[in-house]
Structure formats: C-alpha cells, structure tokens
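For reference, the chains in residue letters:
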Amino acid sequence: MPPPARPLPRRILVPIPVDEASWDALTLAASMAKALRAEIRGLFVEDLDALAAASLPFTRVIAFQSGRLGALEVTQVEAAFRAQASRARQRLGAFCERQAVAWSFEVANRQALTAVEPEEAADTNDAGRAAPARGLLLLDRRALRPARQATALLRLAQSHSDAVAIWDTMARSPMQVVLVYRGDSANLELAAHLAQAMDIPLRILVNEASPDATANLVHGAREWLDTHRVHATLQELAKTDPARFRQSLASLERALIVIERVDLMTILADAAATTG
C-alpha cells in the first residue's frame, strides 16, 4: 500500500535575490501563501560563481571610485553578501507585514548549498507513513532558460521543497494552473487547491515514456478528480526530448506551472547543455 499523501506545503520558498525580478514574485507568493495558509520563506542565495572566482589567485577587480586594479578576496565577497542579505531581510519583512502574511528568512550560503547533492534521490520514508511537508519552491520562468545559478537552484529544490512552481514575473496574475503530473497525488491536490483558491482553471499535462504508463496516469488522475469533484482539463503529451519539454512549458502563457524536482533537473540540465 502506498504511503499517505503529503499535507499541503506550509512554506512558499522564494529565492531572493537571484536577480531583481525575484522581488516581483512576492506578490504571487503572498496570494499563494494565503491560499495555502502558509508562510513565505525568503531564501537569499549566495552566488557560488562569485565566491569561486574570488578564491582564484589571479582574479582582479577595478575599484569604482579610484579605478585602481586590486585583488578580489573571498572575505570581501562574503561581506558584500552579508550586507545584501540584511537589506533583503528588511525588505521582505516590510512587504509581508503589509500583506499580513507570516514570513521567515534564510541565507543559503556556500556551506548550505554544498551540503546536499542535487543528484540525490527523493526522500525515503517508513512504509505507511506520510512524507513530511516541506515547501513549494517558487521560481521565475527564466529558470527555464540557461541559469547562472542552476546548481544552487537544484540544491535548494532538493533540500527545501517537495514541488516547484514556475511563474513569469513579468506577466500579470495567472490565468491557469498547469500541473505536469507524474503520479504524485500530493502535487495533484496542491495544484487543485491553488486553482480553486485563485478561481482559475486547472490543466493537467501527462507526459510519460510509454502509452501504457500514460494511460495509467490519466486513469489515476481522472479517478482522483472524480472522487474530489474537481474539474480539470487533462492533456496527454507525446513523449518528447528534454529540449522540447522545456520549450513546451515556456510556451504556456500566464500559467502557474507546478512540476516535480525531477522536472526541474531536466529543464536546467537541458538549458546548460544548450549553451555548453
């Protein structure tokens, strides 16, 4: 007998600032937090590439005011990150207090990001026991493109989240929730809950290796939808390569896309290979 499904996420995880656009995701994160009765957790992600560059003996930096060329020290970069994290924490707190949403803040530093291997398998649980709920990682849609911090995003997904939501921060509010369904009823419940709370349609995409596997997933999804009286559009996708899978998600307009961690690994690995 499969273990019970996880409860709904209690945290909406927002990496800030991966870039300035990440702040735009907070408005959607607040709506999702209210719908799920969850808190927003801001994750300040230190740039591993900058730290790696600073550790090289030949790295140099030009001072802004004097124009002088000097060595770049790791301690300088770490001090800059601490200052940025402090400002980010204050900004997040002010926003969440205005929205009346619970919040917390965490610095995802070099030690934390290197403690978990992105290739590790999903959590193992005792038979018959529900997996613990962690969080829903909310990423800007640009995660579908080549990402400088791909490794950091994968490690965050592995260590902090059960599911990943992708949203275009440049667009207005979502017009649909799209779930890439691979048999996880907890993600099905999550997507249905978000669609209902936001009063927007739910669309379920099934994309598996074989026709039999796809048919089984479609049957299971329909059974769950009927049991819970949830309306959704089911769509079977032909098995595609990673590049086409990434492109198909990128083509979805004004969609809040819910995927599993394995899908995020596929998307970012393909994006890296495309530019490699």
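Owing to the predicted nature of the structure, the values given are computational and were not obtained by experimental measurement. (Residues numbered from 1 in each chain as written. Predicted model: local features only at pLDDT ≥ 70, side-chain atom pairs only at ≥ 80, totals over all residues. Heavy atoms only, no water.)

Draft legend 1. Seen up close, the sheet that holds strand S8 (residues 176-181). A sheet is described by the order of its strands in space; here nine strands give the open sequence S5-S2-S1-S6-S7-S11-S8-S9-S10, paired in mixed fashion. On the outer flanks of this sheet lie strand S5 (103-108) and strand S10 (233-236), each paired with one strand and no other. The mean angle between the axes of side-by-side strands here comes to 25°, regardless of whether they run parallel or antiparallel. Judged from the three bridges that link them, strand S7 (residues 163-167) and strand S11 (residues 255-259) form a sheet pairing that is antiparallel. By the bridge assignment, Ile 166 is partnered in S11 with Ile 257. Packed onto the sheet, helix H3 (residues 74-99) meets strand S2 (39-45) and S5 and runs at close to 165° relative to S5. Those strands touched by helix H7 (residues 211-228) are S8, strand S9 (202-206) and S10, and its axis lies near 175° from that of S10. (Pairing = 2+ DSSP bridges. Helix = DSSP H or I, 4+ residues; strand = E, 2+ residues; numbered from the N terminus. Axes fitted to C-alpha atoms, helices over the stretch in contact; angles between N-to-C directions. Contact = heavy atoms within 4.5 Å.)

Draft legend 2. Up close: the nonpolar core. Judged by nonpolar contacts, the single largest core of 54 residues is most densely connected at Ile 12, Val 14, Met 32, Ile 40, Leu 138, Val 177 and Leu 256. With near-sequence residues (within four places) excluded, Ile 40 lies in contact with Ile 12, Val 14, Leu 26, Ala 29, Ala 30, Ala 33, Leu 92, Cys 96, Val 101, Ala 102, Trp 103 and Ser 104. Ile 166, Phe 245, Ile 267 and Leu 268 belong to the second-largest nonpolar core, a separate cluster that totals 25 residues. (Core = buried A, V, L, I, M, F, W, Y, C linked by side-chain atoms within 4.5 Å. Buried < 20%, exposed > 50% of the residue type's maximum accessible area, 1.4 Å probe, protein only.)

Draft legend 3. A look at the pairing of S11. With five of its five residues buried, S11 lies for the most part within the structure. Alternating residues of S11 divide into Ala 255, Ile 257 and Ile 259 and Leu 256 and Val 258, and every residue in both groups is buried. Here S8 pairs with S11 via four bridges, running parallel. Counted as the bridge partner of Val 178 is Ile 257 from S11.

Draft legend 4. Spatial organisation of the confidence of the model for the protein. Taken over all residues, the pLDDT of the protein has a mean of 79, while the share at 70 or more is 75%. Per-element confidence in the protein ranges from a low mean pLDDT of 58 for helix H4 (residues 110-113) to a high of 95 for S8. This stretch, residues 115-132, has a pLDDT under 50; its non-local contacts, to residues over four places away or in other chains, come to 28 contacts. (pLDDT = per-residue confidence, 0-100.)

Draft legend 5. Broad picture of H3. The end-to-end C-alpha distance of H3, which contains 26 residues, comes to 37 Å, matching closely the 38 Å that a straight helix rising 1.5 Å per residue would cover. Three or more residues of H3 are buried, namely Val 74, Val 77, Phe 81, Ala 85, Ala 88, Leu 92, Gly 93, Phe 95 and Cys 96. Of the residues trailing H3, Ala 100 is marked for its positive phi of about 55°. (Expected span 1.5 Å × (residues − 1).)

Draft legend 6. Representation of the packing of helix H1 (residues 25-36) against H3 in the model. One way to put it is that H1 packs onto H3 with a least axis distance of 11 Å and a crossing angle of 45°. Classified by the angle between their axes, H1 and H3 sit oblique to one another. When you trace H1 past H3, the crossing you get is right-handed. Contact with H1, carried on its side by Leu 26, Thr 27, Ala 30 and Lys 34, involves Leu 92, Phe 95 and Gln 99 of H3 and no other residues of that element. By residue class, the composition of the contact of H1 with H3 is four nonpolar, two polar and one charged. (Parallel < 35°, antiparallel > 145°, perpendicular 65-115°, else oblique. Left-handed = near helix turned anticlockwise from the far one by under 90°. Nonpolar A, V, L, I, M, F, W, Y, C, P; charged D, E, K, R; others polar.)

Draft legend 7. Seen up close, helix H8 (residues 242-250). Among the residues of H8, Phe 245, Arg 246 and Leu 249 are the ones counted as buried. Seen along its axis, H8 keeps its buried residues to an arc of 95°; they face one direction. Residues Arg 244 and Gln 247 are exposed on H8 and point more than 90 degrees away from its buried face. (Arc of directions from axis to C-beta.)

Draft legend 8. Just unusual backbone geometry, in detail. Phi at Arg 37 takes a positive value of approximately 55°, unusual for a residue other than glycine. Inspection of the secondary structure puts Arg 37 in the loop between H1 and S2. Note on Arg 37: relative accessible area 72%, which makes it exposed. Despite not being glycine, Arg 229 has its phi angle at roughly 55°, a positive value.

Draft legend 9. Spatial organisation of the environment of Val 77. The topology assignment puts Val 77 in helix H3. C-alpha separation for the pair Val 77 and Asp 47, spaced 30 residues apart in sequence, amounts to 9.4 Å. Apart from residues lying up to four places away in sequence, Val 77 is in contact with Ala 50, Leu 51, Ala 54 and Leu 72.

Draft legend 10. Here's a closer look at the packing of aromatic side chains. If you walk through the whole model with that rule in mind, you get one aromatic pair. The cationic tip of Arg 182 hangs over the ring face of Phe 245; the distance from NZ or CZ to the ring centre is 5.8 Å. (Phe/Tyr/Trp six-rings, centres within 6.5 Å; stacked < 30°, edge-to-face > 60°. Lys NZ or Arg CZ within 6 Å of the ring centre and 35° of its normal.)

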